[in-house]
Amino acid sequence: MEEGAKSKKTVFIGGISDDTDEALIYETFSTFGDILEVQIPPPQNTNHPQPTDPKHRGFAFVTFSSPADAQDAIDNMDMNELRGRVLKVTLAKPTKAILQPDGNRAVWESEEWLKQYVKPLDQSGGSKLQSRGRSQSEGAEDAEEAKEDEDAMQE
């Protein structure tokens, strides 16, 4: 489904009360047409939920099966009351910022970014890693000598 087509079938419902849940939204808005999805985004800070924290952010999204149903819901429910709160019902707008699947991680933490922009060390002009200023072969010789010394001490 095209993103533009989906957005014309999704309505934004602002101003819902704390005790409003997805079932109530579904029940209220299903009179205007077939509903594909109801979403009530959770609070942004969910690290340490407190009993006094709100259950959601005060708005919801309803996706209808047709744009006409979405428009009917807007025409009939905008500025109407639900559980003592006046609702603002409009067509949902796509988010302005592109959301990254990894959230707020740095771009260089993404495998795709690393594959595209990072070169192996020997191709980047940097020097190869050396063990305490010595070549890798010298480090291997030292490790072999240490192993021989350890074996001699055990005998």
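Our structure's up above, just so we're on the same page.
Below: a short report on this structure. Predicted model, so just to flag it, every value in this text is computed and none were measured. (Residues numbered from 1 in each chain as written. Predicted model: local features only at pLDDT ≥ 70, side-chain atom pairs only at ≥ 80, totals over all residues. Heavy atoms only, no water.)

This part covers the nonpolar core. Core analysis: the largest hydrophobic core is formed by 20 residues, its most contacted members being I13, I25, F29 and F64. Looking at this core, the elements that each hand over two or more residues are β1 (10-14), α2 (22-29), β2 (35-39), β3 (59-64) and α3 (67-77). For this core, the element with the highest residue contribution is α3, accounting for four residues. (Core = buried A, V, L, I, M, F, W, Y, C linked by side-chain atoms within 4.5 Å. Buried < 20%, exposed > 50% of the residue type's maximum accessible area, 1.4 Å probe, protein only. Helix = DSSP H or I, 4+ residues; strand = E, 2+ residues; numbered from the N terminus.)

A word on unusual backbone geometry. Even without being glycine, M79 reaches a positive phi, approximately 70°. In this structure, M79 sits in the loop between α3 and β4 (81-82). Relative accessible area serves as the criterion here: at 54%, M79 is assigned to the exposed category. A positive phi angle, near 55°, is found at R83, a position not held by glycine. Summarising the element assignment, R83 is placed in the loop between β4 and β5 (85-86).

Time to look at the pattern of salt bridges. Side chains carrying opposite charge are able to pair once their charged atoms draw close together. Summed over the entire model, instances satisfying the criterion amount to two salt bridges. Put simply, R83 and D19 hold a salt bridge, and the shortest N to O gap is 3.5 Å. Note that R83 is positioned in the loop between β4 and β5 and D19 in the loop between β1 and α2, a separation of 64 residues in sequence. With relative accessibility at 46%, the residue D19 sits in the partly exposed group. K88 is the salt-bridge partner of D78, the closest N and O atoms lying 3.8 Å from each other. Highlighted residues: D78 in the loop between α3 and β4 and K88 in strand β6 (residues 88-91), separated in sequence by ten residues. Using a relative accessible area of 40% as the deciding quantity, one classes K88 as partly exposed. (Salt bridge = Lys/Arg side-chain N within 4 Å of Asp/Glu carboxyl O.)

A few words on the pairing of β1. Of all five residues that make up β1, four are buried, and the element is covered over most of its length. Pairing analysis gives five bridges linking β1 to β3, with the strands arranged antiparallel. Paired with V11 across the two strands is V62, which belongs to β3. Sheet topology note: the β1/β6 ladder contains four bridges and is antiparallel. (Pairing = 2+ DSSP bridges.)

Turning our eyes to something else, we now look at the environment of T20. Summarising the element assignment, T20 is placed in the loop between β1 and α2. Taking relative accessible area as the criterion, T20 reaches 3% and is therefore assigned buried. When the C-alpha atoms of T20 and K55 are compared, they prove to be 9.0 Å apart, with 35 residues separating the residues in sequence. In this structure, T20 is in contact with I25, I40, H56 and R83, ignoring residues within four places of it in sequence. Looking at T20, its side chain comes within polar contact range of the side chain of S17, at 2.8 Å. (Contact = heavy atoms within 4.5 Å. Polar contact = N/O pair within 3.5 Å; in protein donor to acceptor, adjacent residues only side chain to side chain.)

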